[in-house]
Amino acid sequence: MQYASQSVAKPYFIAALGLFVVQILFGLIMGTQYVVGDFLFPAIPFDTAKMVHTNSLIVWLLLGFMGASYYLVPEESETELHSPKLAIALFWIFLVAVLLTVVGYLTMTYSTLAKITGNEYWPTMGRLYLEQPTITKIGIVVVALGFLYNIGMTVLKGRKTVVSSVLLIGLIGLAGLFLFAFYNPDNLALDKYYWWWVVHLWVEGVWELIMASILAFVLIKLTGVDREVVEKWLYVIIAVTLITGILGTGHHYYWIGAPEYWQWWGSIFSALEPIPFFMMVVFAFNIVNRRRRDHPNQAATLWALGTAVMAFLGAGVWGFMHTLAPVNYYTHGTQITAAHGHLAFYGAYVLVVLTMISYAMPHLRGQGSAASNRAQVMEMWSFWLMTVSMFFIVLFLTAAGILQVWLQRYGADPMPFMQVQEEVALFYWARVLTGLVFLTGLIVYLASFFAKGEPVTEKAAAQAAG
Ligand code: HEM
Ligand code: HEM
Ligand SMILES: [Fe+2]
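Calculation criteria
Residues numbered from 1 in each chain as written. Chains lettered and ligands numbered in written order. Predicted model: local features only at pLDDT ≥ 70, side-chain atom pairs only at ≥ 80, totals over all residues. Heavy atoms only, no water. Helix = DSSP H or I, 4+ residues; strand = E, 2+ residues; numbered from the N terminus. Rg over C-alpha atoms; globule rule 2.2 N^0.38 Å. Buried < 20%, exposed > 50% of the residue type's maximum accessible area, 1.4 Å probe, protein only. Donors = N, O, S within 2.8 Å, 3.2 Å for Na, K, Ca; no water. Tetrahedral: all angles 85-135°; square planar, octahedral: opposite > 155°, others 65-115°. Near = heavy atom within 4 Å. Polar contact = N/O pair within 3.5 Å; in protein donor to acceptor, adjacent residues only side chain to side chain. Nonpolar A, V, L, I, M, F, W, Y, C, P; charged D, E, K, R; others polar. UniProt positions renumbered as here; feature names shortened; annotations may be inferred. Phe/Tyr/Trp six-rings, centres within 6.5 Å; stacked < 30°, edge-to-face > 60°. Lys NZ or Arg CZ within 6 Å of the ring centre and 35° of its normal. Salt bridge = Lys/Arg side-chain N within 4 Å of Asp/Glu carboxyl O. Contact = heavy atoms within 4.5 Å. Core = buried A, V, L, I, M, F, W, Y, C linked by side-chain atoms within 4.5 Å. Patch = residues over 30% accessible without salt bridge, like charges linked within 9 Å, V, L, I, M, F, W, Y side chains within 5 Å. Areas by Shrake-Rupley, 256 points an atom, 1.4 Å probe, with all protein chains shown as cover.

We now examine the overall build of the chain. For the chain, the helix and strand inventory stands at 17 helices and zero strands. Computed over the C-alpha atoms, the radius of gyration of the chain is 22 Å, within 12% of the 23 Å expected from 2.2 N^0.38 for a compact globule of 466 residues. The dimensions of the chain, computed from C-alpha atoms along their principal axes, are 70 × 50 × 45 Å. With 466 residues in all, the chain has 58% of them scored as buried.

See below:
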């Protein structure tokens, strides 16, 4: 570790991984409820499980982004973090708020939670991904402001790089767009219209900047390729991201009561959104091929390349599949949506956070540049177990989705929703079983941190590469 204050990243990463486990357990509970309707009823109803699954996903990714920033920014800025104490204090505030919220979700009905947290005075609850009580949301804003202040001051006092600037723009966008979570108009069309400013403009806008800058940072470190090369890529990637992603929001405006022209604007611009994801694939492989050194952390290289490829598949290919208005007319809100949501979130954001953790953890744990050979082999196993099982989960959901559209929405004699669900139950069974493989991969990942053995050194890596 080059700067002592980078160590604040460690609790963020550990908490992120803890919530990742929670997320997957609740995914498995829901997956089981899909096929055994009263599984764990009434203790954990489906809607509660879904809330815990999606909210813990978002929160652990945010913890991951914050940890990544605290690790990356001092090194890029060539200076200690402005205030390590603030970073640690915000960590605990955030963690306690999150845990209290999850306990609230699990121990009372949602309406009770809304009541005791005063939702009636400032109603913001009840919308997918934004279910948090209003006071939790306020807490998130406070933590975000303190975080941005800390990171911003560090960037300002140190060396300015393109990587840290892109990251900072992404983080400011993330915090700024979250403010739309506080705007909850009674008119359902307006509500949905602005809801997407958080949900879509996050994952297909500002989060992509965060992803690109983290990838750029890790790739520079792993390969020793000149910064100038990486920066040129970054400029083009973020420009194309914003040009396509902002108007691409229109692909959510087709059927919510927004003006009809969105069917054109949404289709055209969102159809171009795969381009920046494709560029990230070319970028990542290009940089790795030009490498000037063989870094001892081979596992981190695998995670980085995997991120680019899986993000392109999940967001680019599976996104494109249903983004044109005439297609979306049939597929809207089916299992095809869920298939895409899983592969895109996993490929882009789960993997980019794991890339950063894989790169940073050996430094944070005092092992030098890399963990032991054995630990890295376990990490690579976990990469393949999780990635292949997620891909299969997505294939099953896609198959279920295609059948669903066919039976329920196409043709002269459409079947009722629940009857169709029974027709596709086999795929839901397959999802649960494959989900267990995913969980196994996650356990292997966590176990890799406890693997014994001598860390791989720079010298050993260079010798092994010849
Ligand atoms: C890192 C891995 C995962 C990610 C990123 C993820 C992400 C998501 C997201 C974003 C949603 C909301 C989708 C929507 O409303 O369209 C969701 C819902 C869901 N997830 Fe996951 N998930 C993961 C793993 C799993 C696993 C392993 C399972 C079970 C085997 C699972 C089962 C479910 C179920 C059943 C739903 C609810 C779908 C519905 O409402 O019909 N997820 N997940
Ligand atoms: C990493 C980036 C992305 C992530 C994490 C992501 C995630 C998601 C999620 C979770 C949903 C479900 C939202 C809901 O209704 O609850 C969704 C919907 C959608 N996404 Fe993405 N997405 C990404 C990129 C893209 C891209 C690049 C495209 C187009 C090329 C796209 C096209 C769509 C469309 C058309 C829908 C609406 C589906 C419907 O009508 O039901 N997404 N996305
Ligand atoms: Fe979108």
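Another point: the coordination of the iron atom of ligand 1. Taken together, the protein donors to the iron atom of ligand 1 comprise His-53 (NE2) and His-342 (NE2), at separations of 2.0 Å. Around the iron atom of ligand 1 sit six donor atoms, and with donor-metal-donor angles ranging over 85 to 179° the site reads as octahedral. On the criterion of sequence distance, the pair formed by His-53 in helix H2 (residues 46–77) and His-342 in helix H13 (residues 335–364) is long-range, its members being 289 residues apart. When its relative accessible area of 13% is taken as the criterion, His-53 is described as buried. Take His-342: its relative accessible area is 27%, and that puts it in the partly exposed class.

This part takes up the site of ligand 2. Within the structure, ligand 2 sits among 26 residues, and Asn-328, His-332, Gly-333, Thr-337 and His-340 are positioned closest to it. In the environment of ligand 2, an oxygen atom lies 2.9 Å from a nitrogen or oxygen atom belonging to the side chain of Asn-328. Between ligand 2 and Gly-333 there is a distance of 2.7 Å, counted from an oxygen atom to a backbone nitrogen or oxygen. For the shell around ligand 2, the secondary-structure elements that each account for two or more residues are helix H7 (188–223), helix H10 (274–289), helix H11 (298–321) and H13. Looking at the shell around ligand 2 residue by residue, the class counts come to twelve nonpolar, twelve polar and two charged.

Right, let's get into the UniProt feature "domain: Cytochrome oxidase subunit I profile" (unreviewed entry) in the chain. Look at the UniProt record and you will see "domain: Cytochrome oxidase subunit I profile" (unreviewed entry) annotated at residues 1–450. For the annotated span residues 1–450, helix accounts for 76% and strand for 0% of the residues, and the straight-line distance between the end C-alpha atoms is 20 Å.

Looking now at the packing of aromatic side chains. Given two aromatic rings, their pairing is described by the distance between the two centres and the angle made by the two planes. Applying the stated criterion across every chain yields a total of 46 aromatic pairs. Between Tyr-12 and Tyr-70, the ring centres sit 5.2 Å apart and the planes meet at 50°, which makes this aromatic pair tilted. Of this pair, Tyr-12 sits in helix H1 (residues 9–35) while Tyr-70 sits in helix H2, and the two are 58 residues apart along the sequence. An angle of 90° between the planes, with centres 5.0 Å apart, marks the rings of Phe-65 and Trp-207 as edge-to-face. In this pair, Phe-65 is assigned in helix H2 and Trp-207 in helix H7, connecting sequence segments 142 residues apart. The buried category is assigned to Phe-65, whose relative accessible area is 1%. Each residue in the set Phe-65, Trp-122, Phe-178, Phe-182, Trp-202, Trp-207, Phe-345 and Tyr-349 is aromatic and connected to the rest through ring pairs, giving one cluster. The ring of Trp-195 is capped by Lys-192, whose NZ or CZ atom sits 4.3 Å from the centre of that ring.

Scanning the entire structure with this criterion turns up seven salt bridges. For Glu-78, the salt bridge identified is with Arg-159, shortest N-O distance 3.8 Å. A residue pair is termed long-range when its members are at least 10 positions apart, and Glu-78 in the loop between H2 and helix H3 (84–107) and Arg-159 in the loop between helix H5 (134–157) and helix H6 (162–178) qualify at 81 residues. Glu-78 sits in the partly exposed class, given a relative accessible area of 46%.

This part covers unusual backbone geometry. Leave glycine aside and you will find that most residues have negative phi; peptide bonds, for their part, are mostly trans. The linkage connecting Phe-41 with the following residue, Pro-42, adopts the cis geometry, with an omega of 5°. Topologically, Pro-42 is positioned in the loop between H1 and H2. One non-glycine residue, Tyr-129, lies in positive phi territory at about 75°.

Attention now moves to the site of ligand 1. In the vicinity of ligand 1 there are 24 residues, among which Gln-23, Tyr-34, Lys-50, His-53 and His-342 approach most closely. Between an oxygen atom of ligand 1 and a side-chain N or O atom of Tyr-34, the distance comes to 2.3 Å. If one sorts the elements of the shell around ligand 1 by residue count, H1 sits on top with eight residues. Here the residues of the shell around ligand 1 sort into 15 nonpolar, seven polar and two charged.

Another point: the environment of Asn-55. Tracing the backbone through its elements, the reader meets Asn-55 in helix H2. Taking C-alpha positions, Asn-55 is 30 Å from His-82, a pair spaced 27 residues apart along the chain. Those residues within four positions of Asn-55 in sequence are excluded, and the remaining contacts are Tyr-105, Tyr-129, Glu-131 and Gln-132.

In globular proteins that are soluble, nonpolar side chains generally tend to be buried together. Phe-20, Trp-60, Phe-65, Tyr-70, Trp-207, Tyr-349 and Leu-354 are the most contacted members of the largest nonpolar core, which has 148 residues in total. Examining the composition of this core, we find that 21 residues originate from one element, H7, more than from any other. When residues no more than four places from it in sequence are discounted, the contact partners of Phe-65 are Leu-174, Trp-207, Ile-210, Ile-214, Tyr-349, Val-352 and Val-353.

To continue, consider the coordination of the iron ion (ligand 3). On the protein side, the iron ion (ligand 3) has His-200 (ND1), Glu-204 (OE), His-251 (NE2) and His-252 (NE2) as donor atoms, found 2.1 to 2.2 Å from it. Of note is the iron ion (ligand 3), whose four donor atoms meet at the metal with angles of 84 to 145° in an arrangement that counts as irregular. Mapped onto the sequence, the donors of the iron ion (ligand 3) take the spacing H-x3-E-x46-H-H.

The subject of this paragraph is the environment of Leu-90. With respect to the helices and strands, the residue Leu-90 is situated in helix H3. Judged by relative accessible area, Leu-90 falls into the buried class, the value being 7%.

A contiguous nonpolar surface patch, about 570 Å² in accessible area, is contributed by Tyr-121, Trp-122, Ile-135, Ile-138 and Val-142. Here Val-142 is to be found in helix H5.

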